[in-house]
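Fold and contact review
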Protein chains: 2
Amino acid sequence: MLRAQINQWLTNNHDHGIKLLQKLVQENSIQGNERKAQTIVIEKLRQIGLKVDAWEPEGKQLVEHPYFASPRNKFKGSLNVVGVLKGTGEGRSLILNGHIDVVPEGDVTQWDQQPYSGKVVDGKLYGRGATDMKGGNVSLLLALSALRALGIPLKGDVIFQSVIEEESGGAGTLAAILRGYQADAALIPEPTNMKIFPKQQGSMWFRLNVKGLAAHGGTRYEGVSAIEKSMVVIEHIKKLEKSRNERITDPLYKNIPIPIPINIGKIEGGDWPSSVADLVNLEGRVGISPDETIEQAQKEFEKWIQALETVDPWFAKYPVSLEWFGARWVPGSIDLNHPFMSSLSKSYSKVTGEQPVIEASPWGTDGGLLTTVGSTPTIVFGPGVTEKAHYPNEYIEINKVFEAAEIIALTIVDWCGVER
Amino acid sequence: MLRAQINQWLTNNHDHGIKLLQKLVQENSIQGNERKAQTIVIEKLRQIGLKVDAWEPEGKQLVEHPYFASPRNKFKGSLNVVGVLKGTGEGRSLILNGHIDVVPEGDVTQWDQQPYSGKVVDGKLYGRGATDMKGGNVSLLLALSALRALGIPLKGDVIFQSVIEEESGGAGTLAAILRGYQADAALIPEPTNMKIFPKQQGSMWFRLNVKGLAAHGGTRYEGVSAIEKSMVVIEHIKKLEKSRNERITDPLYKNIPIPIPINIGKIEGGDWPSSVADLVNLEGRVGISPDETIEQAQKEFEKWIQALETVDPWFAKYPVSLEWFGARWVPGSIDLNHPFMSSLSKSYSKVTGEQPVIEASPWGTDGGLLTTVGSTPTIVFGPGVTEKAHYPNEYIEINKVFEAAEIIALTIVDWCGVER
């Protein structure tokens, strides 16, 4: 039985798989620093016989695209990587998409080990990127390696993608779409705790400038503290989050405390301890439901910020400025009845003996871009631990990496078909 | 009459005085950048025949002094300047102390002109430093110039000081004290709106680190936002400010809304819009009453910060760390019956025809250092506009600069005595 063979191959190559993930995690591949990690991926793709396409994204078509989002528009030294396994023909094609970039490690003092250790303790592999999402990428590579090693002749093409810039809004996946890569379906093994996410949240980054009035700290009552005013702004935004989430009734979200959160991730203001701060900068992200457009969400947020003047007359005189910048994730969704959904669900049940849990994703992924711009219906499913993404002491459970690899291998076979 | 002569000289030299202040204001003399402004001062001192002592402060005695406070301990390129006018003998000596350094300009968009313009409009001279405190320094220089031009032979020594580092805690004045400059009294023309401040507030800079727990912005409920926790800290500190100020009963403070304020001037935290912030840094200053010691105020603040654990259990697990750093101003006071108080008050009444307003200072000055370490009783009195110090569109009223110069000239004569 094919499943038994795949399972056996994965068991035989257990240590190899762990080592591959360790090597990838140990390469700190934050924005701008992806090259070394991509080199490891290219080596593996060549080893298993996929045709490698590696390039530095660039060009006006990319950076002027309406869905281009990144703090940078030059990607010199940053490789996007695609590996193609051409099918024998007349089968459905599949994109397997994973991002190689990771977010910064945050407060280093909160990590027990150094953040890029790749250390294995009690069946868990630790390090920034282990769960989000190099573990998932390794599941893809193991699935492909198994099928290649077993000599399974697939009918449909398989297009493996190791993209940059997911954490900032998808420029890597967009570059791959514009380069021509498209398929009948796509799988992204972001960390879903092995749940199947047919709906993917979108999100956008915003920047708010809150103004105050400077004065000497010793006569602070002569001024107006932009730090205190930014607290009013933060409370106001929490009310918007509450209101937007009260509208979500889709049962896919029933186990999620806040389906489309608004997070304020960064604050910076004032320049002198003895002066009243007259300017504070806030940066954050707004979640977008697949049932609204980016433009609708933006308009609502803009109106809400204007409404600050009714909360505090200070803002009528000194309005908070709002700017959309940097990262943006397009929301996406695949029809629950789409054949790729049953391909994946069936494979999941074959391997685990259980029905998969089907939910909505709590964060943005490149799935929206693949669905909307790439015309490639996408499911998000992967072995990582959702709660550890962007967290200190991030880890992934190694047995899940292999379980996901097995499920994905069977899904590939079922979707693309096998040449007899 | 001497007063008429001084008044006439000031009138004759009106344009010259304005030009001197303009030149000084146009030199952006923020910390580290004082040289050019000091060069103008040195030139003027030489012109009026004072013996100039200009040096770059340094040495262990200075930087290891218990009252040394500055973010830096190397002052290469930053001159401290003293000009001495030796008396004929057997008179009381006087220090005239003004700082040459200015604070940064803050949010440039809130200034109508560029911040170092020195522009004169409707009798006001604009620019960072005009009021705090180059206008006052020019009052001192005009007073001395008048007395020199009129050939008045003073009995006591006059020691003019143009110091650096007042805005960061007094390292310049401390260096002058350690170099041996001491006198029977001192005057500092900080911007008092022409009021007489016999009590000077002290203050200290603090830094607080507020911890959170990182998580992905899309699952922010898994983390704890250090930005939200810092708002709790800020509210808690406001309660301490209220409590400390409720204890102030001295009538000198009766017209001051908050006698010893606590200002949070700077906030910085989080590093990624899509991540929950796990660390926020707050910096500010605490006012110290002349009726308490620095150590007492510090202990009270430290206990209050520890008490955060009773406000929110998060802080029991992740206490806020507190660090005293950088600037510190020693509080100071002169006895209301001190002869220098009547010297200045009498001169004020002679020139203005009114009784001076006597109040407590709303901010720290180098007066505490001169009083405590320099054994030199000090009064703060000057022509600048208190509310414009550290403010955008800072200005000084030119007629006040000349009025203060006249008052100070008469005070010098009365205090130091004239040789017949």
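What you see is a predicted model; the values in this text were computed from it and never measured.

For chain A, the helix and strand inventory stands at 13 helices and 15 strands. For 420 residues, the compact-globule estimate of 2.2 N^0.38 gives 22 Å, and the C-alpha radius of gyration of chain A, at 23 Å, lies within 12% of that figure. Expressed along its principal axes, the backbone C-alpha trace of chain A runs to roughly 80 × 45 × 40 Å. Counting over 420 residues, chain A shows a buried share of 63%. Considering only contacts in chain A between residues 6 or more positions apart, those separated by 24 or more positions represent 83%.

Confidence along chain A averages 95 in pLDDT terms, with 100% of residues attaining 70 or more. Confidence estimates for the predicted assembly give a pTM of 0.77 and an ipTM of 0.77.

Turning next to the interface of chain A and chain B. The partner chain B presents 59 residues to the 60 residues of chain A that form the contact. Of the roughly 5,500 Å² buried between chain A and chain B, counting both surfaces, carbon and sulfur atoms make up 60%. Across the pair Glu241(A) and Arg220(B) runs a salt bridge whose closest N-O atoms are separated by 2.6 Å. Applying the counting criterion to the chain A and chain B interface returns 24 residue pairs in polar contact (both at pLDDT 80 or more). Those elements that place two or more of their residues in the side of chain A that touches chain B are helix H7 (226–246), strand E9 (262–269), strand E10 (279–288), strand E11 (321–329) and strand E13 (358–364) of chain A.

Attention shifts here to the UniProt feature "domain: Peptidase M20 dimerisation" (unreviewed entry) in chain A. With numbering matched to this structure, UniProt assigns "domain: Peptidase M20 dimerisation" (unreviewed entry) to residues 200–307 of chain A. Span residues 200–307 of chain A is 31% helix and 28% strand, its end C-alpha atoms 29 Å apart.

Now for H7(A). Helix length check: H7(A) (21 residues) gives 30 Å between terminal C-alpha atoms against 30 Å at 1.5 Å per residue, within 8%. Of the residues that open H7(A), the one with a side-chain oxygen 3.2 Å from the backbone nitrogen of Ile227(A) is Ser225(A).

The transform that puts chain A on chain B rotates by 179 degrees and translates by 0.0 Å along the axis, for an RMSD of 0.1 Å. What the superposition gives is, in effect, a two-fold axis relating one chain to the other. For chain A, the smallest separation between a C-alpha atom and the rotation axis is recorded for Glu268(A), amounting to 2.2 Å.

The subject of this paragraph is the sheet that holds strand E15 (residues 395–397) of chain A. All names here are of chain A. What the three strands build is an open sheet, ordered E4-E5-E15; its pairing is antiparallel. Where the open sheet ends on each side, the last strands, each with one partner, are strand E4 (120–121) and E15. Of the strand pairs in this sheet, strand E5 (residues 124–126) and E15 are connected by three bridges, and their pairing is antiparallel. Within E15, the residue paired with Leu-125 across the bridge is Ile-396.

Before going further, it helps to spend a moment on the environment of Val330(B). Positionally, Val330(B) belongs in the loop between strand E11 (321–329) and strand E12 (332–333). Excluding its chain neighbours within four sequence positions, the residues that come into contact with Val330(B) are Tyr67(B), Gln201(B), Gly202(B), Ile294(B), Thr365(B), Gly368(B), Leu369(B) and Thr372(B).

With that settled, the discussion passes to unusual backbone geometry. The bulk of non-glycine residues show a negative phi, and the bulk of peptide bonds are trans. Residue and element names in this part refer to chain A. In this chain, Asp-132 is followed by Met-133 through a cis amide linkage whose omega measures -10 degrees. Within the secondary structure, Met-133 is located in helix H5 (residues 130–149). One non-glycine residue, Asn-193, lies in positive phi territory at about 55 degrees. One can find Asn-193 in the loop between strand E7 (185–188) and strand E8 (196–211).

Here we come to the pairing of strand E9 (residues 262–269) of chain B. One face of the sheet, then the other: side chains in a regular strand alternate in exactly this way. Within E9(B), six of the eight residues are buried, which leaves the element mostly enclosed by the surrounding structure. By the bridge criterion, three bridges tie E9(A) to E9(B) in an arrangement that is antiparallel. Paired with Glu268(A) across the bridge in E9(B) is Glu268(B). Where E9(B) lies against strand E10 (residues 279–288) of chain B, seven bridges are found, and the strand directions are antiparallel. For Glu268(B), the partnering residue across the bridge sits in E10(B) and is Asn281(B).

Right, let's get into the environment of Leu24(B). Residues and elements named next belong to chain B. Its location among the elements puts Leu-24 in helix H2 (residues 14–26). Given a relative accessible area of 1%, Leu-24 falls into the buried group. With 40 residues separating them along the chain, Leu-24 and Glu-64 place their C-alpha atoms 32 Å apart. Leaving out residues up to four positions away in the same chain, Leu-24 has contacts with Ala-37, Ile-40, Val-41, Ile-100, Lys-134 and Val-138.

Turning to the packing of aromatic side chains, a few remarks are in order. Ring pairs (aromatic) are described by centroid distance and by the angle formed between their planes. Summed over the entire model, instances satisfying the criterion amount to 23 aromatic pairs over all chains. For the pair Phe301(B) and Trp324(B), a centre-to-centre distance of 5.3 Å together with 55 degrees between the ring planes defines the contact as tilted. One end of the pair, Phe301(B), is in helix H8 (residues 294–306); the other, Trp324(B), is in strand E11, and 23 residues separate them in sequence. We classify Phe301(B) as buried; its relative accessible area is 1%. Exposure remark for Trp324(B): the relative accessible area of 22% places this residue in the partly exposed category. Ring pairs connect the aromatic residues Trp205(A), Phe325(A), Trp329(A) and Trp272(B), which therefore count as one cluster.

All names here are of chain A. Taken as a whole, chain A is organised into domain 1 (2–200 + 331–416) and domain 2 (202–329). Here the C-alpha centroids of domain 1 and domain 2 sit 33 Å apart. With 23 residues of domain 1 at the interface, the matching set in domain 2 holds 18 residues. Summed over both sides, the interface between domain 1 and domain 2 buries roughly 1,600 Å², with carbon and sulfur atoms accounting for 59% of that surface. When residues of domain 1 are sorted by the area they lose upon contact with domain 2, Lys-199, Pro-331 and Glu-359 head the list and together hold 33% of the total. Here domain 1 is connected to domain 2 by two salt bridges. Asp-291 serves as the salt-bridge partner of Lys-199, at 3.5 Å between the closest nitrogen and oxygen. Inspection of the region where domain 1 meets domain 2 yields four residue pairs in polar contact (both at pLDDT 80 or more). When the residues that make up the side of domain 1 that touches domain 2 are grouped by side-chain class, the tally is ten nonpolar, eight polar and five charged.

Here the focus is the environment of Tyr395(A). Structurally, Tyr395(A) can be placed in strand E15. Filtering out sequence-adjacent residues up to four positions away, Tyr395(A) remains in contact with Lys124(A), Leu125(A), Tyr126(A), Ala130(A), Thr131(A), Val385(A) and Lys388(A).

Sheet strands pair via backbone hydrogen bonds, and the direction of the pair is either parallel or antiparallel. Residues and elements named next belong to chain B. Taken together, three strands build an open sheet; the order of strands is E4-E5-E15 and the sheet is antiparallel. A single partner strand is all that each edge strand has here, and the edge strands are strand E4 (120–121) and strand E15 (395–397). Here E4 pairs with strand E5 (residues 124–126) via two bridges, running antiparallel. Its bridge partner lying in E5, Val-120 is registered against Leu-125. Set on the sheet, H2 makes contact with E4, E5 and E15; between it and E5 the angle comes to about 20 degrees. Packing of helix H5 (residues 130–149) onto the sheet brings it into contact with E5 and E15, and relative to E15 it is tilted by some 40 degrees.

About the thresholds
Residues numbered from 1 in each chain as written. Chains lettered and ligands numbered in written order. Predicted model: local features only at pLDDT ≥ 70, side-chain atom pairs only at ≥ 80, totals over all residues. Heavy atoms only, no water. Helix = DSSP H or I, 4+ residues; strand = E, 2+ residues; numbered from the N terminus. Rg over C-alpha atoms; globule rule 2.2 N^0.38 Å. Buried < 20%, exposed > 50% of the residue type's maximum accessible area, 1.4 Å probe, protein only. Contact = heavy atoms within 4.5 Å. pLDDT = per-residue confidence, 0-100. Buried area = accessible area lost by both parts, 1.4 Å probe. Salt bridge = Lys/Arg side-chain N within 4 Å of Asp/Glu carboxyl O. Polar contact = N/O pair within 3.5 Å; in protein donor to acceptor, adjacent residues only side chain to side chain. UniProt positions renumbered as here; feature names shortened; annotations may be inferred. Expected span 1.5 Å × (residues − 1). Least-squares fit on C-alpha atoms with pLDDT ≥ 70 in both. Pairing = 2+ DSSP bridges. Phe/Tyr/Trp six-rings, centres within 6.5 Å; stacked < 30°, edge-to-face > 60°. Domains from an automatic or database assignment. Nonpolar A, V, L, I, M, F, W, Y, C, P; charged D, E, K, R; others polar. Axes fitted to C-alpha atoms, helices over the stretch in contact; angles between N-to-C directions.

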